[in-house]
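Overview (structure and organization)
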Amino acid sequence: MHLKGENVSFGYKRNNLILKDVNISLGSGEVLGLIGDSGSGKSTLCKILAGYENKYQGKVTLDEKEIPPKGYNPVQLVFQHPEKAVNPKWRMNDILNEGHFVSQDILEAFGIKNNWLNRWPNELSGGELQRFALARALSPKTRFLIADEITTMVDSITQAQIWNIVLDIVEELNIGVLVVSHDRNLINRLCNDTVYLKDINNT
Amino acid sequence: MGNKAEINPEKELNTEKELITGLGTTSGNMKKTEALLKVEDLSLSFTQYESGLRQTELKVISNLSIQAYKGEILAIVGSSGSGKSLLAHSILGILPSNAKLDGRIEYNGAELTQERKEEMRGKEIALIPQAITYLDPLMKISNQVIGCVEKKNEGLMKKLQREIFQRYTLKPEVERMFPHELSGGMTRRVLVSTAVISSSKLIIADEPTPGLDEKTLNETLSYFKDMADKGCAVILITHDIEAALKISHKIAVFYAGTVLEVANVEDFKNNGENLRHPYTRALWNALPQNKFQAIKGHQPMQDEVIDGCIFYERCSRKKALCAQGLPQLKQVNGGMVRCNNAS
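Let us look at the structure shown here.

Cut-offs used in this document
- Residues numbered from 1 in each chain as written.
- Chains lettered and ligands numbered in written order.
- Predicted model: local features only at pLDDT ≥ 70, side-chain atom pairs only at ≥ 80, totals over all residues.
- Heavy atoms only, no water.
- 1 Å grid on protein atoms, 1.4 Å probe; cavity = no way out; pocket = protein on both sides within 12 Å on 5 of 7 lines; lining within 4 Å.
- Points joined across faces, edges and corners; volume = space filled by probe spheres on them.
- Nonpolar A, V, L, I, M, F, W, Y, C, P; charged D, E, K, R; others polar.
- Contact = heavy atoms within 4.5 Å.
- Buried area = accessible area lost by both parts, 1.4 Å probe.
- Salt bridge = Lys/Arg side-chain N within 4 Å of Asp/Glu carboxyl O.
- Polar contact = N/O pair within 3.5 Å; in protein donor to acceptor, adjacent residues only side chain to side chain.
- Helix = DSSP H or I, 4+ residues; strand = E, 2+ residues; numbered from the N terminus.
- Pairing = 2+ DSSP bridges.
- Core = buried A, V, L, I, M, F, W, Y, C linked by side-chain atoms within 4.5 Å.
- Buried < 20%, exposed > 50% of the residue type's maximum accessible area, 1.4 Å probe, protein only.
- Expected span 1.5 Å × (residues − 1).
- Phe/Tyr/Trp six-rings, centres within 6.5 Å; stacked < 30°, edge-to-face > 60°.

Residues and elements named next belong to chain B. Taken as a whole, the second largest pocket spans an internal volume of roughly 910 Å³. Residue lining of the second largest pocket: 25 residues in total, with Arg121, Gly122, Gln144, Gly147 and Thr194 positioned closest to the centre. The class makeup of the residues in the lining of the second largest pocket is 17 nonpolar, six polar and two charged.

Okay, here's the thing in structure tokens:
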């Protein structure tokens, strides 16, 4: 299975493009790194690939077919700040199972303790919240995971913990991962291949 | 508050003091100068309502001591929730009203009371915040950098601000821009300018680096180095050990609201065998360019009550002694460590 972005262009203003004719392809089970300067459009590209942003030019396809606008999106995006991706007025249990019922195996793999499920989001640290965000994104129907700086805000031990778990799960489920980070050492450690996004130009 | 009553506070203060002077002479590059900022045995707790009118105290910082010297950069590293930012807020006196602060903070030899904090902050003591959200979105950049000055000083400050902008290669049109028009790197330079213009002596930078690309990161770090070279004491709060190692002189490692180790930059090499605390070693070995090896477990939650060493659960070398009381901060190899096994 392949997730492809072909000739993707995007800009907030007509004559000020952030992305111009970007081509990117990600295969199942592949772990691909994406590096670029601040403002080069990495996060925008992530949003386009995961279907959060629709007003772009070009094509995003999953095995040559367009991604259906309704139903479960097989391309899941996880952000840098998990505290902004959860409803502060829901308990963690509801947040976790919002999209589908997360299996016990996944919870155990992420080391999510049962008593965390009763807490509110502001009672957990960033690293703990990010585990929830990843656990709910890695459903059996997920084919691709887009990880936009998911461990930028955590310490090195938590970073290693989270990535070791994610790599195990994606390998088992044959999920393709796009890793966005400024940390070259992290990208070198995780990825088979790396894409460099230059300012306003091809990759 | 339970564990504080057990130790004799006066006795502990004395031992800490001896350690501080000892450390100042051994690793202070032959400078026998007094620390510009001394934090001694600081504890911070928040009063919270549990249910109805029942109150509980949530202890977030305990028995914390650090020193910052002129011309040096002290990095404070640790995971989120370890109390790094709260320490900064304690020094600046910007804690919420339900906070209870114990211990002593000394600045330039005299105690830093709340009144003195209010007088000093923005002048002698400056905070460089993390993000653009600390800027007023509806105010022009130059006005924010200059702040409120008296009318007669306005021209002078304007001149100074232009000089600083030039030094940081910010174009003249930037001063008329609004925050949303700046890029990440420009925002950083503007935030640094706010600290430079007040000619502060103590600069506290709270997580100034996450999300910056390599070029902007190195640029930002060079500003801090520059400030230290000019004689400021810089406290760099971060969880990015690699960034901290590039410019700092000493690294204080925070965990669950206290300092576990104060190490010198040279100690971070190879497999971390020169590091004194197992947690610091684990942080070092977890870096992707090192072993990318994670230890199990989590930092204890703030509402968990722990009698022994706060790292006990995750430590690979724990002994029976470690379950009884928090180990004292002691001097080892030109650094400090809070561990029973270190020697």
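Turning our eyes to something else, we now look at the interface of chain B and chain A. The interface of chain B with chain A comprises 31 residues on the first partner and 31 residues on the second. Between chain B and chain A lies a buried interface of about 2400 Å² when both sides are counted; carbon and sulfur atoms form 54% of it. Three residues, Phe292, His298 and Met301 of chain B, lead the burial of chain B against chain A; their summed loss comes to 28% of the area buried on that side. Here Arg184 of chain A makes a salt bridge to Glu214 of chain B, at a shortest N to O gap of 2.7 Å. Between chain B and chain A we count seven residue pairs in polar contact (both at pLDDT 80 or more) in total. Counting only elements with at least two residues in the side of chain B that touches chain A, the list comes to α8 (214–229), α9 (241–247) and α10 (278–285) of chain B. Considering every element that reaches the side of chain B that touches chain A, the biggest residue donor is α10 of chain B, with three residues. Residues of the side of chain B that touches chain A, tallied by class, amount to 13 nonpolar, 11 polar and seven charged.

What follows is about the sheet that holds strand β2 (residues 16–27) of chain A. Residue and element names in this part refer to chain A. One open sheet accounts for four strands, arranged β2-β1-β4-β5; its pairing is antiparallel. Strand pairing shows two members of the sheet lacking a second neighbour, β2 and β5 (65–66), which therefore form its edges. In terms of strand pairing, strand β4 (residues 57–62) meets β5 through two bridges, oriented antiparallel. Residue pairing in the sheet places Leu62 in a bridge with Lys65 of β5.

Okay, the nonpolar core next. By size, the foremost hydrophobic cluster in this structure holds 65 residues, and its most contacted members are Phe110, Leu145 and Trp163 of chain A together with Ile251 of chain B. Residues in contact with Trp163 of chain A, not counting those within four places in the same chain, are Ala147, Ile150, Thr151, Val177, Val179, Leu186 and Leu190 of chain A together with Phe292 of chain B. Ranked by size, the runner-up nonpolar core spans 35 residues in total, among them Ile141, Leu182, Ile197 and Tyr223 of chain B.

Residue and element names in this part refer to chain B. Taking 1.5 Å as the rise per residue, helix α7 (residues 184–197) with 14 residues should run 20 Å; its terminal C-alpha atoms sit 20 Å apart, in good agreement. Most of α7 sits out of view: 12 of its 14 residues are buried. On its buried face, α7 sits against β6 (125–128), α5 (141–146), α6 (154–167) and α8. A positive backbone phi angle near 40 degrees is found at Ser199, which sits one or two residues after α7.

Moving on, we come to the side chain of Ser45 of chain B. Residue and element names in this part refer to chain B. For Ser45, the position within the fold is in strand β1 (residues 37–49). Using a relative accessible area of 3% as the deciding quantity, one classes Ser45 as buried. Of note is the side chain of Ser45, whose polar atom sits 3.3 Å from the side chain of Glu57.

The relation between two aromatic rings is expressed through the spacing of the ring centres and the mutual angle of the planes. One pass over the structure, following the stated rule, counts seven aromatic pairs over all chains. Ring geometry for Trp116 of chain A versus Phe132 of chain A: centroids 6.4 Å apart, planes at 40 degrees, classification tilted. On the criterion of sequence distance, the pair formed by Trp116 of chain A in the loop between α3 (104–110) and α4 (126–137) and Phe132 of chain A in helix α4 is long-range, its members being 16 residues apart. Taken as a pair, Trp116 of chain A and Phe132 of chain A share a single burial class, namely buried. Plain terms: the ring middles of Tyr255 of chain B and Tyr279 of chain B are 4.5 Å apart, the flat faces sit at 50 degrees to each other, and that makes the pair tilted. Taken together, the residues Tyr255 of chain B in strand β9 (residues 250–255) and Tyr279 of chain B in helix α10 connect sequence positions 24 residues apart. Judged by its relative accessible area of 1%, Tyr255 of chain B falls in the buried class.

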